[in-house]
Amino acid sequence: MQNIKLDLSYTGITEKEISKYATKVKKIYNKLNEISEDENEFVGWLKLPSNYDKKEFSKIKKIAKKIRKESEVFVVIGIGGSYLGARAVIESLTSNFANMFPDKIRKSPQIFFVGNSISPNYINELIDCIGNKDISINVISKSGTTTEPAIAFRIFREFLENKYGADEAANRIYVTTDKKKGALKELADQEEYETFVIPDNIGGRFSVLTAVGLLPIAVAGIDIDKLMEGAKNAECNYSDDSIKYNQCYRYAVVRNILYQKDKTIEILANYEPKLHYFTEWWKQLYGESEGKGHKGIFPAGVDLSTDLHSMGQYIQDGKRNLFETVINVEETKTDIKIKRDEDNVDGLNFLAGKTMDYVNKKAMQGTIEAHVSGGVPNIIINIKKLDEETIGELIYFFELACAVSGNILGVNPFDQPGVEAYKNNMFRLLEKPGYEKERPDVRS
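First, a word on what this report is: a plain description of the structure on this page.

Some details on the overall build of the protein
Working step 1: Secondary structure assignment for the protein yields 18 helices and 10 strands.
Working step 2: A compact globule built from 444 residues would reach a C-alpha radius of gyration of about 22 Å, and the protein, at 23 Å, matches this within 12%.
Working step 3: If you line up the protein on its principal axes, its C-alpha atoms span 60 × 60 × 50 Å.
Working step 4: For the protein, the computed accessible surface area is about 21,800 Å², with 50% contributed by carbon and sulfur atoms.
Working step 5: With 60 positive and 65 negative side-chain charges, the protein shows a spacing of 3 Å between the two charge centroids.

Regarding unusual backbone geometry
Working step 1: Looking along the chain, the bond that leaves leucine 304 and enters serine 305 is cis, with omega of 15°.
Working step 2: Positionally, serine 305 belongs in the loop between β8 (298-303) and α15 (312-317).
Working step 3: For glutamate 192, which is not a glycine, the phi torsion comes out positive at approximately 60°.
Working step 4: Inspection of the secondary structure puts glutamate 192 in the loop between α10 (183-191) and β6 (194-197).

Structural notes on the pattern of salt bridges
Working step 1: Enumeration according to the criterion identifies 21 salt bridges in this entry.
Working step 2: Across the salt bridge formed by glutamate 70 and lysine 66, the nearest N and O atoms sit 2.8 Å from each other. Here the residue glutamate 70 and the residue lysine 66 both occupy positions in helix α4 (residues 54-70), the gap between them amounting to 4 residues, near one helical turn.
Working step 3: The exposure class of glutamate 70 is partly exposed, given its relative accessible area of 23%.
Working step 4: Residue class for lysine 66 comes out partly exposed when judged on its relative accessible area of 26%.
Working step 5: Residue aspartate 178 is joined to lysine 181 by a salt bridge in which the shortest nitrogen-to-oxygen separation is 3.7 Å.
Working step 6: Residue aspartate 178 is classed as buried on the basis of its relative accessible area, which comes to 5%.

Describing the packing of aromatic side chains
Working step 1: Applying the stated criterion across every chain, the model contains 17 aromatic pairs.
Working step 2: Consider the rings of tyrosine 83 and phenylalanine 113, whose centres lie 5.9 Å apart with planes at 50°: the pair is tilted. Separated by 30 residues along the polypeptide, tyrosine 83 in the loop between β2 (73-77) and α5 (84-93) and phenylalanine 113 in strand β3 (residues 110-114) bring together distant segments of the chain. Judged on exposure class, the residue tyrosine 83 and its partner phenylalanine 113 are both buried.
Working step 3: The ring centre of tyrosine 277 lies 4.0 Å from the NZ or CZ of arginine 87, which sits over that ring.

A few points about a negative patch on the surface
Working step 1: There is a patch of like negative charges on the surface, built from Asp341, Glu342, Asp343 and Asp346.
Working step 2: Structurally, aspartate 341 is set in the loop between β9 (322-329) and α16 (356-373).
Working step 3: Judged by relative accessible area, which is 39%, aspartate 341 ranks as partly exposed.

Details of a nonpolar patch on the surface
Working step 1: Together, Phe97, Met100, Phe101 and Ile105 make up a nonpolar patch on the protein surface, roughly 470 Å² of accessible area in all.
Working step 2: By the element assignment, phenylalanine 101 lies in the loop between α5 and α6 (103-106).
Working step 3: Looking at phenylalanine 101, the relative accessible area reads 34%, which means it is partly exposed.

Considerations on the pairing of β2
Working step 1: Judged by how many residues are buried, β2 sits mostly within the fold: 5 of 5 residues are covered.
Working step 2: As paired strands, β2 and β3 are joined by 5 bridges and run parallel to one another. Bridge pairing in β3 places valine 75 opposite phenylalanine 112.

Examining the nonpolar core
Working step 1: Of all hydrophobic cores here, the largest spans 95 residues; its most connected members are Trp45, Phe278, Trp281, Phe398 and Leu400.
Working step 2: A per-element tally of this core places helix α17 (residues 388-409) first, with 13 residues.
Working step 3: Those residues in contact with leucine 400 that sit more than four places away from it in its chain are Tyr29, Leu32, Trp45, Leu46, Tyr238 and Cys248.
Working step 4: Judged by nonpolar contacts, the second largest core, of 24 residues, contains Val75, Phe112, Ala152 and Ala169.

Thoughts on the packing of helix α12 (residues 224-237) against α17
The angle between the axes and the distance between the axes are what describe a pair of packed helices.
Working step 1: Where α12 contacts α17, the two axes come as close as 6 Å, and the packing angle between them is 45°. As the angle between them shows, α12 and α17 are arranged oblique. Considering the relative orientation of α12 and α17, their crossing is right-handed. Taken together, the residues of α17 that come into contact with α12 (itself represented by Lys226, Leu227, Gly230, Ala231, Ala234, Glu235 and Asn237) are Glu388, Glu389, Ile391, Gly392, Glu393 and Tyr396.
Working step 2: Here the contact of α12 with α17 is built from residues that sort into 5 nonpolar, 3 polar and 5 charged.

As for α4
Working step 1: Under the 1.5 Å per step criterion, the end-to-end length of α4 is 25 Å for 17 residues, consistent within 8% with the ideal 24 Å.
Working step 2: Every buried residue of α4 is listed here: Glu56, Phe57, Ile60, Ile63, Ala64 and Ile67. Take α4 and look down its axis: the buried residues cluster within an arc of 130°, on one side only. Opposite the buried face of α4, by more than 90 degrees, sit the exposed residues Lys55, Lys62, Lys65 and Lys69.
Working step 3: Two or three places before lysine 55, at the opening of α4, aspartate 53 has a side-chain oxygen 3.0 Å from that residue's backbone nitrogen.

Re the side chain of glutamine 110
Working step 1: With respect to the helices, strands and loops of the structure, glutamine 110 is situated in strand β3.
Working step 2: For glutamine 110, a relative accessible area of 8% corresponds to the buried category.
Working step 3: Among the polar contacts listed, one links the side chain of glutamine 110 to the backbone oxygen of asparagine 99, at a separation of 2.7 Å.

Remarks on the sheet that holds β2
Working step 1: Spatial strand order, β3-β2-β4-β5-β6: 5 strands in an open sheet with parallel pairing. Two strands lie at the open edges of the sheet, namely β3 and β6, each paired on one side alone. In this sheet, adjacent strand axes meet at a mean angle of 20° when their direction is disregarded.
Working step 2: In this structure, strand β4 (residues 135-140) lies alongside strand β5 (residues 173-177), joined through 4 bridges in parallel fashion. Residue pairing for β5: isoleucine 137 is matched across the bridge by isoleucine 173.

Rules behind the numbers
- Residues numbered from 1 in each chain as written.
- Predicted model: local features only at pLDDT ≥ 70, side-chain atom pairs only at ≥ 80, totals over all residues.
- Heavy atoms only, no water.
- Helix = DSSP H or I, 4+ residues; strand = E, 2+ residues; numbered from the N terminus.
- Rg over C-alpha atoms; globule rule 2.2 N^0.38 Å.
- Areas by Shrake-Rupley, 256 points an atom, 1.4 Å probe, with all protein chains shown as cover.
- Lys, Arg positive; Asp, Glu negative; His and termini not counted.
- Charge placed at Lys NZ, Arg CZ, Asp CG, Glu CD.
- Salt bridge = Lys/Arg side-chain N within 4 Å of Asp/Glu carboxyl O.
- Buried < 20%, exposed > 50% of the residue type's maximum accessible area, 1.4 Å probe, protein only.
- Phe/Tyr/Trp six-rings, centres within 6.5 Å; stacked < 30°, edge-to-face > 60°.
- Lys NZ or Arg CZ within 6 Å of the ring centre and 35° of its normal.
- Patch = residues over 30% accessible without salt bridge, like charges linked within 9 Å, V, L, I, M, F, W, Y side chains within 5 Å.
- Pairing = 2+ DSSP bridges.
- Core = buried A, V, L, I, M, F, W, Y, C linked by side-chain atoms within 4.5 Å.
- Contact = heavy atoms within 4.5 Å.
- Axes fitted to C-alpha atoms, helices over the stretch in contact; angles between N-to-C directions.
- Parallel < 35°, antiparallel > 145°, perpendicular 65-115°, else oblique.
- Left-handed = near helix turned anticlockwise from the far one by under 90°.
- Nonpolar A, V, L, I, M, F, W, Y, C, P; charged D, E, K, R; others polar.
- Expected span 1.5 Å × (residues − 1).
- Arc of directions from axis to C-beta.
- Polar contact = N/O pair within 3.5 Å; in protein donor to acceptor, adjacent residues only side chain to side chain.

Structure (structure tokens):
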């Protein structure tokens, strides 16, 4: 069963244009399969849903249950792929206000994310929020030396040790890191922290279905068995090498055809606030994978209809170098019927008897038609509903499409050489040993 249906009718792209990429896409996918089990390549995510570490998976569920039992607050420390995937899934599948519910209603710890910025305000305010509540933390880092999460871990490790003492603090610190090496791995072994593995052949932005994402997701009370089942279904569904039927390939190809037509910006649009952080995860996945060699489609995102009152003008009438990909959730979990008001001061009685989801869908359809008529092609990704299986399938859909799209573009979608530039300058300015003090010429 496929929970995802691709609609390309608003793109202006013909079947003939798509079919020209059939041979190229088949070669790309065959190559990905050839290297998928090579530990020196970053393609371990390709067969992960059907070939994940069952022992590690069982351990994740066991430890998540322990955390849920003994902690009122769970702090996830990480940046980029070390937190965005988990946050995307958690916010997609839990209440918008989960952290605000009383404990008896929530039935899981409050989950907060830190280590994704260097803001002292954020950390101090989070510590104030935690107060005297029982807390556990999960620090996620391949090396343990990435600046933002390393600073946060140093602060929260001290916080836990002051609150509980060194021994009990160690019992509440969970480390997701490299299997064999790195500063964080060494510290975890020394302090006997419970550890989980970041696979060598899966890069951070592709790691949400490993312990990187699964431990926080399980702590949130989400069924990770069903999440993996959805991803496994996608792995099976998108193994078809026919570009005519493989919707994942078709998405990858169409966005590249639009790119060749000078549509250099892709806006991922949703009409459900729960998907805000899914968009953030998608932005990293595609931005870090494709933005190389002065190439790449720039990934942006909007939350609609909210952003129609801010970005809507530009999308409708600005520079015509963009296209939209719209995620349409077909079934809503809850709904509200709009009632008739005797006074009708707001003039909304024409909506009486209709549901909010119905109105939301009409807003979406009206916006798609307006943007397309304004010169903005739209790709529609219809998903059945927001549940574990569908989100698992959607994650895999975007990961595979990203790998195929990057190869069509002619870049390596699994490295990220450009992210080191700011770090080198920051370390130089902070006078870190080993970094030159001469300021680079940035004026030319």
